[in-house]
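# Commentary on secondary and tertiary structure
The chain contents come next:
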Amino acid sequence: MARYQGADTGRLALAAHAAADRQFFELGMMCAAGRAAADLVSAHKWFNLAAMHGHKQAGLLRVEIAAEMSESEIAAAQRAARDWLAAH
């Protein structure tokens, strides 16, 4: 009986991990394509988190928008991602 519970726990963890990468990616897309102006710092943060969870396209988009950002903006996005990870 315990074996089945362990297997279910592993599958649930994988599903949660996959859901997180999609959610982070969607948040990045929303920030990158902002209605009035794009928020590249927030988009970079969310793409970074999605890429950390295995979303391949997020990593590519993070590199693409980083080309449009200053070094201080990239540093701010990286800090924001670290802060989000520390809080969650």
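Residues numbered from 1 in each chain as written. Predicted model: local features only at pLDDT ≥ 70, side-chain atom pairs only at ≥ 80, totals over all residues. Heavy atoms only, no water.

### Digging into the overall build of the protein
Per the secondary structure count, the protein includes 4 helices and 0 strands. Along the protein, helices and strands appear, N-terminal first, in the series α-α-α-α. Residues classed as buried in the protein amount to 31% of the 88 residues present. Contacts in the protein between residues at least 24 apart in sequence constitute 55% of all its contacts with a sequence separation of at least 6. (Helix = DSSP H or I, 4+ residues; strand = E, 2+ residues; numbered from the N terminus. Buried < 20%, exposed > 50% of the residue type's maximum accessible area, 1.4 Å probe, protein only. Contact = heavy atoms within 4.5 Å.)

### Side note on the environment of Ala-43
Residue position: Ala-43 is located in helix H2 (residues 40-52). Residues Ala-43 and Phe-24 lie 19 residues apart in sequence; the distance between their C-alpha atoms is 9.3 Å. Those residues in contact with Ala-43 that lie beyond four places of it in its chain are Gly-28, Cys-31, Ala-32 and Ile-65.

### Digging into the confidence of the model for the protein
Overall, the predicted model of the protein reaches an average pLDDT of 81, with 76% of residues at or above 70. Per-element averaging of pLDDT across the protein places helix H1 (residues 2-32) at the bottom with 65 and helix H4 (residues 71-87) at the top with 95. Of the regions scoring below 50 in pLDDT, residues 1-7 engages in 0 contacts with residues more than four places distant in sequence or in other chains. (pLDDT = per-residue confidence, 0-100.)

### Some words on helix H3 (residues 56-66)
Each α-helix winds once per 3.6 residues, and so residues spaced three or four apart point in a common direction. For H3, every residue scored as buried is listed here: Ala-58, Gly-59, Leu-61, Ile-65 and Ala-66. Buried residues along H3 cover an arc of 165° about the axis, so they all sit on one side. Every exposed residue of H3 that faces more than 90 degrees away from the buried side is listed here: Lys-56, Leu-60, Val-63 and Glu-64. (Arc of directions from axis to C-beta.)

### Comments concerning H4
Along its 17 residues, H4 runs 24 Å from first to last C-alpha, staying within 8% of the 24 Å computed at 1.5 Å per residue. All of the buried residues along H4 are Ile-74, Ala-77 and Ala-81. An end-on view of H4 places all buried positions within 60° of arc, on one side of the element. Those residues of H4 that are exposed and angled more than 90 degrees off the buried face are Glu-71, Ser-72, Arg-82, Asp-83, Ala-86 and Ala-87. Structurally, H4 contributes buried residues whose contacts are with H2 and H3. (Expected span 1.5 Å × (residues − 1).)

### Concerning the nonpolar core
Of all hydrophobic cores here, the largest spans 18 residues; its most connected members are Phe-24, Phe-25, Phe-47, Ile-65 and Met-69. Counting residues per element, the ones that place at least two in this core are H1, H2, H3 and H4. Here this core gets 6 residues from one element, more than from any other, and that element is H2. Other than its neighbours up to four places away in sequence, Phe-47 contacts Phe-25, Gly-28, Met-29, Ala-32, Ala-58, Leu-61, Arg-62 and Ile-65. (Core = buried A, V, L, I, M, F, W, Y, C linked by side-chain atoms within 4.5 Å.)

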